[in-house]
Every structure is written in C-alpha cells, then in structure tokens.
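# Reading the structure
Listed below, chain by chain, are the residues.
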Amino acid sequence: MAHLFKRRGTMPAESIVYRDWKNGVSRAQMAARYGVTGGGIGEYLRRRVERWRNQPPAQIANNARKIVRTAIAVSESGYREIQISLPRITMHVKAMEARA
C-alpha cells in the first residue's frame, strides 16, 4: 500500500512549517499546502515539535531588505529549491535603481 502514496511536493523551510504549526494550521491543511502526504507531515512534526516548544527555529528574514536568490540544493532525498538571502550593499542597490 505504501507505493500508492507518492510524494508530490517538497517541504518548505522549517521556519515556514513552524509558523503554520504555531498559527494552528492542521496537518491535513499543511499536507495539502505543501503537496506532501499526511504521514509525511506527521513524521516531520513528530521529530520537531518538542524542540520547537523549547526553542523556535530561526525565522526567514523579511525580503524587503534582502536580495533573494533561488538555488537548487542536492540532498540524499533529492533536489529542492532553496532561497539564499544576500545582504544589500547600498552602492550596488543605488546603481541598480539608477538603471531601472
């Protein structure tokens, strides 16, 4: 039966799952939102909730002050897209704004 439940999506950053968990989003809603199985999100939460109660994960910085670049990360479970925040350097930002 396990072969009938294929993984469709990938888990987002831990801080996003934490935010949804803290806001009371149900496991079924998270599974649908992230495109993963209910069992997958259940296992993910089971491994992290106790730690989150003691110390929440670092939150993703607001993109208003960062230049965000999307990259492909390789792990043993496959490929996934991650966002890398790059600090803005005032001189470069002014130069880019002058071109626009």
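Residues numbered from 1 in each chain as written. Predicted model: local features only at pLDDT ≥ 70, side-chain atom pairs only at ≥ 80, totals over all residues. Heavy atoms only, no water.

### Considerations on the side chain of Asp20
To keep things clear, this is the line we draw: Comment: elements are numbered from the N terminus, with helices defined as DSSP H or I runs of at least four residues and strands as E runs of at least two. Relative accessibility decides the category of a residue: with a 1.4 Å probe and only protein chains considered, values under 20% of the type maximum give buried, values over 50% give exposed, and everything between is partly exposed.
Locating Asp20 in the fold gives a position in helix H1 (residues 14–22). We classify Asp20 as buried; its relative accessible area is 4%.

### Section: the environment of Tyr79
Put simply, the test is: In what follows, residue pairs with any heavy atoms lying within 4.5 Å of each other are defined as contacts.
Here Tyr79 is to be found in strand S2 (residues 78–87). Here the alpha-carbon distance between Tyr79 and Thr10, two residues 69 residues apart in the chain, equals 9.1 Å. Leaving out residues up to four positions away in the same chain, Tyr79 has contacts with Thr10, Ile72, Ala73 and Val74.

### What about the packing of aromatic side chains?
What counts, and what does not: Ring geometry is summarised as follows: Phe, Tyr and Trp rings, the Trp one being its six-membered ring, pair when their centres sit within 6.5 Å, and such pairs are stacked at plane angles under 30 degrees, edge-to-face over 60 and tilted between the two. We count a charge as sitting over a ring when the NZ of a lysine or the CZ of an arginine lies within 6 Å of the ring centre and within 35 degrees of the ring normal.
A full pass over the atoms with the stated rule returns three aromatic pairs. Seen in terms of ring centroids, Tyr18 and Trp21 are 5.9 Å apart; in terms of plane orientation they differ by 40 degrees. Their pairing is tilted. Remark: Trp21 and Tyr18 occur in helix H1; sequence separation between them is three residues, near one turn of the helix. On the basis of an interplanar angle of 50 degrees and a centroid distance of 5.4 Å, the ring pair of Trp21 and Trp52 is categorised as tilted. With a gap of 31 residues between them, Trp21 in helix H1 and Trp52 in helix H3 (residues 38–54) connect regions that are remote in the sequence. Put simply, the rings of Tyr18, Trp21 and Trp52 pair up and form one aromatic cluster. Sitting over the ring of Tyr44, Arg48 keeps its end group 3.6 Å from the ring centre.

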